[in-house]
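Working through the structure, step by step
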Amino acid sequence: MVEKHESIDNSQPVNEIIKIEISRDKMLGVVWFEEPKNGGRQLSADQIKVEIEKKGINQGVILEVLNEITKNRRYEYKYIIAKGVQPQDGEDA
């Protein structure tokens, strides 16, 4: 019996992919992108913001980095997109 192999169509558009990591101490957020292929679409600034928020990063986002990503994105490059601020000991009244 001869097996029939389905051919994989590598010409289909693949949209850009965002990857997001959060450090163990939850004080640093890092993003990087995989380039769209075969005419796939690049993520918009709003789509990037939504994905970042889905990961739980809603404070400490560095807007300058987000703007740079939107204007001049590099692929396979990790951007620090958010930094937390360590709590400081207060003084008793």
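Now for a look at the structure at hand. Keep in mind that this is a model prediction, so the values were computed, not measured.

Judged by pairing direction, the sheet is antiparallel, and its three strands sit side by side in the order 1-2-3 without closing on themselves. Each edge of the sheet is formed by a strand with only one pairing partner; in this case those strands are strand 1 (17-22) and strand 3 (79-83). Averaged over all pairs of adjacent strands, the angle between their axes in this sheet comes to 25°, without regard to strand direction. By the bridge criterion, six bridges tie strand 1 to strand 2 (residues 28-34) in an arrangement that is antiparallel. Each bridged residue has a counterpart across the sheet, and for isoleucine 22 the counterpart in strand 2 is glycine 29. Packed on one face of the sheet, helix 1 (residues 45-54) meets strand 1, strand 2 and strand 3 and runs near 35° to strand 1. Along the sheet, helix 2 (residues 63-71) makes contact with strand 2 and strand 3, crossing strand 3 at roughly 150°.

Ranked by size, the top nonpolar core spans 13 residues in total, and within it Ile18, Val31, Phe33, Ile48, Ile52, Ile69 and Ile81 carry the most contacts. For this core, the secondary structure elements donating two or more residues are strand 1, strand 2, helix 1, helix 2 and strand 3.

The rules behind these values
- Chains are numbered independently. Their residues run from 1 in the order of the written sequence.
- In view of the model being predicted, local features appear only for residues whose pLDDT reaches at least 70, and side-chain atom pairs are presented and counted only at 80 or more, with totals across whole chains, interfaces and linings using the full set of residues.
- Each side-chain value is derived from all of the structure's non-hydrogen atoms; neither hydrogens nor water enter the calculation.
- For two strands to count as paired, DSSP must find a minimum of two bridges between them.
- Helix and strand labels come from DSSP, where a helix needs a run of H or I of at least four residues and a strand needs a run of E of at least two; each type is numbered from the N terminus.
- In this analysis, axes come from line fits to C-alpha atoms, helices being fitted only over the stretch in contact, and the angle between any two N-to-C directions falls in the range 0 to 180 degrees.
- Here, residues are in contact when the closest pair of their heavy atoms is within 4.5 Å.
- Side-chain atoms within 4.5 Å are what join buried Ala, Val, Leu, Ile, Met, Phe, Trp, Tyr and Cys residues into a set we call a nonpolar core.
- Three exposure classes are used, based on accessible area relative to the maximum for each residue type with a 1.4 Å probe and protein chains only: buried under 20%, partly exposed in between, and exposed over 50%.

That is the geometry; function is a separate question.
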